[in-house]
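Residue strings, one per chain:
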Amino acid sequence: MTRCPECDAEIDLDEDEVEEGEILSCHECDAELEVTQTHPVHLIAISDDEDEEEEEDEDDSDEEAVVEEEEEEEETE
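Figured I'd write up the structure that's included with this text. These numbers were taken from a predicted model, which means no experiment stands behind them.

The subject of this paragraph is the sheet that holds strand 3 (residues 23-25). Taken in spatial order, the 3 strands of this open sheet run 3-4-5, and their pairing is antiparallel. A single partner strand is all that each edge strand has here, and the edge strands are strand 3 and strand 5 (41-45). Each strand axis lies, on average, 40° off the axis of its neighbour in the sheet, ignoring direction. Across 3 bridges, strand 3 lies against strand 4 (residues 32-38) in antiparallel orientation. Looking across to strand 4, one finds that Leu 24 is bridged to Leu 33.

In structure tokens, the structure reads:
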């Protein structure tokens, strides 16, 4: 029996029916879980924070570009 790493709920999985890298959802807490090992089955929670950090990095680089453009405009005046 495999357990959800987030809420510790039992997840009934057959080792022969899942593949490494497969994404599953916990039926109790709806956490996204990735299969990292199949014999025995091992799951890790996929963090939404990674997606948010990537979006923040993109936003930061856009803001930096705007600041640089404004500084260049001030220098030319």
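This brings us to the side chain of Thr 2. In this fold, Thr 2 is placed in strand 1 (residues 2-3). Relative accessible area serves as the criterion here: at 11%, Thr 2 is assigned to the buried category.

Counted according to the given criterion, the structure contains 1 salt bridge. Residue Glu 10 is joined to Arg 3 by a salt bridge in which the shortest nitrogen-to-oxygen separation is 3.2 Å.

Counting the residues between successive antiparallel strands, the hairpin from strand 3 to strand 4 contains 6 residues, one of them, Asp 30, with a positive phi of roughly 65°. Note that strand 4 and strand 5 share 5 bridges and pair antiparallel. Across the sheet, Glu 34 pairs through a bridge with Ile 44, a residue of strand 5. Counting the residues in the hairpin turn of strand 4 and strand 5 gives 2 residues.

Moving on to the state of the cysteines. As enumerated under the stated definition, the model contains 0 disulfides in all. Lacking any disulfide linkage, Cys 4 is separated from the closest cysteine sulfur, that of Cys 26, by 3.8 Å. Note on Cys 4: relative accessible area 2%, which makes it buried. With no disulfide partner, Cys 29 has as its closest neighbouring cysteine sulfur the one in Cys 26, 3.7 Å distant.

Definitions and cut-offs
- Residues numbered from 1 in each chain as written.
- Predicted model: local features only at pLDDT ≥ 70, side-chain atom pairs only at ≥ 80, totals over all residues.
- Heavy atoms only, no water.
- Pairing = 2+ DSSP bridges.
- Helix = DSSP H or I, 4+ residues; strand = E, 2+ residues; numbered from the N terminus.
- Axes fitted to C-alpha atoms, helices over the stretch in contact; angles between N-to-C directions.
- Buried < 20%, exposed > 50% of the residue type's maximum accessible area, 1.4 Å probe, protein only.
- Salt bridge = Lys/Arg side-chain N within 4 Å of Asp/Glu carboxyl O.
- Disulfide = S-S within 2.5 Å.

Shape is all these values report; function is a separate question.
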